[in-house]
Amino acid sequence: MTSFRSITTAILSIGIVLSASATKTITVRPPKGDATSTLAKALRKASDAGGPVVIKLEPGIYNFSTGKATPRHFRCSNTAAEYEHPDDIKHIGLFLHGLKDITIDGNSQATLLSHGEMTLWTIDSCTNVTIKGLTIDAADPTVTEMTVTSRTDTTFTAQVHPKSRYEIRNGKLYWLGEGWEFTGGIAQIHQPDKETTTRCAHPFEAATDIRETGPGILRFSFDKAPDCRPGDTYQIRHSLRNELPGFINRSVGVKLENIKYAYLGNFGLLSQFSTDLTFSNVDCSPIEGSGRTNAGFADFFHFSGCRGKLKIDHCNFSGSQDDGINVHGTHMKITGIDNNRLTLRYMHPQTFGFLGFTPGDTIAITDPMTLLHAYKATVSDARMTDPYTTEITISPLTPVGQPQTDAAALEGLVVENLSWCPEVEVTNCRFAYLPTRGILMTTHRPVRITDNEFIKCPLPAILIADDARSWFESGPVTDVLIARNRFIDCSTPAISISPEAIPSSEMVHSNIRIIDNTFISPSPVTISAFSVNGLTVKNNRFLTPDGNPQKSILETLNVSE
């Protein structure tokens, strides 16, 4: 039998080993300089090999830079508007396209390090891809940080984190990275003694003087200094979501396992029109001992128009600038009708440019005011005529219940693709140091949110929404279980069921069970529900921090049990 060693082939810093069972292993060593071309060669070899392939990354740092990245056009949900980012180019470090049965394994000893604003990795049109055993970080994170060291009534002094570079020009502070800079920006304040991170006014926008008093030490002068204390850390970023820390697009069976995500830049890990996704032991938080308090530019995990089963298990979400998890579809507005052909338009400027329908999909036609389905239909054909406009051919048009709308006058209603909604499980996860919500959930398939911990969320820890007039994020839920979770000193309401709809004789959401959860708070805790047909709230425990029984409040409007 031929030994493994005798058939090893060296390709720059790549080695290939074929096992007796025809499983291929490609071993990659971290190259000097940028790793883009080295990993691209490994992926080409994996594609040519056929059959299951493991790309094994040996210990070390794999650097990826914007200048060496692969440019590709992608329009992505909830990212930059066209006026912000006209060319829609993503600069991709690790680009997996059209691959099958590929595993990239860092064995918990390899680090992918980005330099500049870029999309570090993209999985596009792939099947059965696993990425595991990696640390993912940025050399120049676009969320900059500085920690207050002293404050008076008219000044404060701050120590800038070593990863946050800056210059003072004409009295303004500019944050700098590789190929990017900004001044002003959006701010949050991290207060470790309170165990909170909250949005705040920009800390030095009103400064009368900014000067460097030592390496990395800045003093800001004011007529009246902002309300901060030594030990507080300001996190500051720009608002442009032009790149992604990771992008899963039109792929099936993608798994992320045992990943340390120390920084997710320029948005969140976005999954779009993909099927059967698993995220296990993904830790989104700053590296311990790094001095960083922020790990995410916006959401951590964002899912738009996915289907199959979405499983998120034993993940940690700590230190973002938006939600921990957001799952939704998209409402498109009907702007034209020609017999059985509908013209649809993307309505939110940050979501457009991708085809949201395939032949055979089931759609719901919905009243944007009540969010109630009026009709259902099947898509037989779909095409985009421009980045904002889609034409679909439908048949047959089937009324839902007693529709309030004449089928001949559908213009102005919205369309949701019911075929691209996932079943969701979120289990054994932790949510902390978030400025907004832990989970935002809108999908009509079964949802199980169980055995998680939510710590000091300043907005509802769990929000079940649905809207067709603001973000246009669909749609109604029909089977949700929220059980055995712990809510520790979260805002009230800790759980909010809040579709953006006018009251109606019919209800938007249905079959929601909130059972056997523990709420720990020094003040009374509220669960709020609007427009739910079949709400069960039972066997929950409401306690003060010292373990005494606490008052609970159930606020309902247009709800049935």
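Our subject is the structure listed above.
Residues numbered from 1 in each chain as written. Predicted model: local features only at pLDDT ≥ 70, side-chain atom pairs only at ≥ 80, totals over all residues. Heavy atoms only, no water.

K.L.:
Could you clarify how one ought to interpret the overall build of the protein in this entry?
P.N.:
Looking only at helices and strands, the protein has one helix and 49 strands in total. At 25 Å, the protein has a C-alpha radius of gyration in line with the 24 Å of a compact globule built from 561 residues. When its C-alpha atoms are laid out on the principal axes, the protein stretches across 75 × 65 × 50 Å. Burial statistics for the protein: of 561 residues in total, 58% are counted as buried. The long-range fraction of contacts in the protein, counting pairs at least 24 apart against all pairs at least 6 apart in sequence, stands at 71%. Accessible area of the protein: about 21,900 Å², with a carbon and sulfur share of 49%. (Helix = DSSP H or I, 4+ residues; strand = E, 2+ residues; numbered from the N terminus. Rg over C-alpha atoms; globule rule 2.2 N^0.38 Å. Buried < 20%, exposed > 50% of the residue type's maximum accessible area, 1.4 Å probe, protein only. Contact = heavy atoms within 4.5 Å. Areas by Shrake-Rupley, 256 points an atom, 1.4 Å probe, with all protein chains shown as cover.)

K.L.:
Help me out: how do you make sense of the nonpolar core in this one?
P.N.:
For soluble globular proteins, nonpolar side chains are generally found buried alongside one another. Ranked by internal contacts, the top residues of the largest apolar core, which has 82 residues, are I55, W121, F279, F301 and I312. Here this core takes five residues from strand 47 (residues 525-538), the largest share from any one element. The contact partners of W121, leaving out residues within four places of it in the chain, are I92, L94, I131, I136, P245, G246, F247, I248, L256, Y261 and L269. One finds F352, F357, A377 and I392 within the second-largest nonpolar core, a separate group that totals 23 residues. (Core = buried A, V, L, I, M, F, W, Y, C linked by side-chain atoms within 4.5 Å.)

K.L.:
Please clarify how unusual backbone geometry should be interpreted in this entry.
P.N.:
Trans is the prevailing form of peptide bonds, just as negative phi is the prevailing case for residues other than glycine. The amide bond that connects S395 to the next residue, P396, takes the cis arrangement and shows omega of -20°. Cis geometry marks the peptide bond from T492 to P493; its omega dihedral reads 5°. Inspection of the secondary structure puts P493 in the loop between strand 43 (486-488) and strand 44 (495-497). Its identity is not glycine, yet D466 carries a phi of approximately 120°, on the positive side. On the secondary structure map, D466 appears in the loop between strand 40 (462-464) and strand 41 (473-474).

K.L.:
Would you explain the sheet that holds strand 14 (residues 172-177) in this entry?
P.N.:
Sheet strands line up and pair through hydrogen bonds in the backbone, either parallel or antiparallel. Reading across from one edge, 13-14-15 is the order of the three strands in this open sheet, with antiparallel pairing throughout. Bordering the open sheet on either side are strand 13 (165-169) and strand 15 (180-183), each of which pairs with just one other strand. Neighbour-to-neighbour, the strand axes of the sheet open up by a mean angle of 30°, direction not taken into account. The pairing of strand 13 with strand 14 spans five bridges and is classified as antiparallel. Bridge pairing links Y166 to W175 in strand 14. (Pairing = 2+ DSSP bridges. Axes fitted to C-alpha atoms, helices over the stretch in contact; angles between N-to-C directions.)

K.L.:
What is the right way to look at the packing of aromatic side chains in this model?
P.N.:
Given two aromatic rings, one states the distance between the centres and the angle between the planes to describe the pair. Within this structure, the stated rule accounts for 22 aromatic pairs. Grouped by ring-pair contacts, the aromatic residues F279, F300, F301, F303, F317, F431, F454, F487, F519 and F542 constitute a single cluster. Taking the ring centre of Y174 as reference, the NZ or CZ of R169 above it sits at 4.2 Å. Positioned over the ring face of W420 is R307, at 3.8 Å from the centre of the ring. (Phe/Tyr/Trp six-rings, centres within 6.5 Å; stacked < 30°, edge-to-face > 60°. Lys NZ or Arg CZ within 6 Å of the ring centre and 35° of its normal.)

K.L.:
What's the story with the environment of T443 in this structure? I'm lost.
P.N.:
With respect to the secondary-structure elements, T443 resides in the loop between strand 37 (439-441) and strand 38 (447-450). In the structure, T443 is positioned 286 residues away from T157 in sequence and 47 Å away in space, judged by C-alpha atoms. Not counting residues within four places of it along the chain, the set of residues in contact with T443 comprises C421, P422, V424, G475, P476, V477 and T478. Looking at T443, its side chain comes within polar contact range of the main-chain oxygen of P422, at 2.8 Å. (Polar contact = N/O pair within 3.5 Å; in protein donor to acceptor, adjacent residues only side chain to side chain.)

K.L.:
Explain the sheet that holds strand 32 (residues 373-386) to me, please; I cannot follow it from the model alone.
P.N.:
Taken in spatial order, the six strands of this closed barrel run 29-30-33-32-31-34, and their pairing is antiparallel. The sheet shows a mean angle of 45° between the axes of neighbouring strands, taken without regard to direction. Note that strand 30 (residues 341-345) and strand 33 (residues 389-399) share five bridges and pair antiparallel. Within strand 33, the residue paired with R345 across the bridge is T389.

K.L.:
So what exactly am I meant to see when it comes to the pairing of strand 4 (residues 53-57) here?
P.N.:
As a general feature of sheets, a regular strand has side chains that alternate between the two faces. Burial along strand 4 is one-sided: V53, I55 and L57 are buried, and none of V54 and K56, which face the opposite way, are. One ladder, built from five bridges, connects strand 3 (residues 24-28) with strand 4; its direction is parallel. The partner of V28 across the bridge, within strand 4, is L57. You can see the chain leave strand 3, run along helix 1 (residues 36-49) and come back into strand 4, and the turn it takes is right-handed. (Right-handed = clockwise from strand over helix to strand, strands pointing away.)

K.L.:
Before we go on, may I ask you to explain the side chain of E117 in this structure?
P.N.:
In this fold, E117 is placed in the loop between strand 8 (100-115) and strand 9 (119-124). We note that E117 is buried and unpaired, the nearest opposite charge coming from R237 at a distance of 9.9 Å. A polar contact of 2.9 Å, which involves the side chain of E117, links it to the side chain of N266. For E117, the residues in contact, after removing those within four places along its chain, are T66, T142, E178, W180, H238, N242, E243 and N266. (Lys, Arg positive; Asp, Glu negative; His and termini not counted. Salt bridge = Lys/Arg side-chain N within 4 Å of Asp/Glu carboxyl O.)

K.L.:
Can you walk me through the pattern of salt bridges in this structure?
P.N.:
Working definition: two side chains of opposite charge can pair if their charged atoms are close together. Summed over the entire model, instances satisfying the criterion amount to 24 salt bridges. With its nearest N and O atoms 2.8 Å apart, the salt bridge here joins D193 to R229. Highlighted residues: D193 in the loop between strand 16 (186-191) and strand 17 (196-200) and R229 in the loop between strand 19 (217-221) and strand 20 (233-237), separated in sequence by 36 residues. When its relative accessible area of 53% is taken as the criterion, D193 is described as exposed. With a shortest N-O distance of 3.4 Å, E453 and R486 are connected by a salt bridge. Of this pair, E453 sits in strand 39 (residues 453-455) while R486 sits in strand 43; the two residues are 33 residues apart in sequence, bridging distant segments of the chain. E453 gets classed as partly exposed once you look at its relative accessible area, which sits at 23%.

K.L.:
Is there a simple way to explain the pairing of strand 7 (residues 89-97) in this structure?
P.N.:
The buried fraction of strand 7 is high, at seven of nine residues. Pairing analysis gives four bridges linking strand 6 (residues 70-73) to strand 7, with the strands arranged antiparallel. Residue pairing in the sheet places P71 in a bridge with H91 of strand 7. By the bridge criterion, five bridges tie strand 7 to strand 9 in an arrangement that is parallel. Residue H97 lies in a different strand from strand 9, and its bridge partner there is D124.

K.L.:
Is there a simple way to think about helix 1 in this case?
P.N.:
Since the α-helix turns once every 3.6 residues, residues separated by three or four places project in the same direction. A rise of 1.5 Å per residue sets the reference length of helix 1, with its 14 residues, at 20 Å; its end C-alpha atoms lie 20 Å apart and thus fit the reference within 8%. Within helix 1 the residues assigned to the buried category are T36, T38, L39, A42, L43 and A46. Axial view of helix 1: buried residues confined to an arc of 165°, hence all on one face. G50 sits one or two positions beyond helix 1 and adopts a positive phi of about 75°. (Expected span 1.5 Å × (residues − 1). Arc of directions from axis to C-beta.)

K.L.:
What am I meant to see in the side chain of T390 here?
P.N.:
Looking at the element boundaries, T390 is found in strand 33. Exposure remark for T390: the relative accessible area of 0% places this residue in the buried category.

K.L.:
How should the state of the cysteines be read in this particular structure?
P.N.:
Defined simply, a disulfide is a covalent bond joining two cysteines at their sulfur atoms. Scanning the entire structure with this criterion turns up zero disulfides. No disulfide involves C284; its sulfur sits 6.9 Å from that of C315, the nearest cysteine. Judged by its relative accessible area of 0%, C284 falls in the buried class. (Disulfide = S-S within 2.5 Å.)

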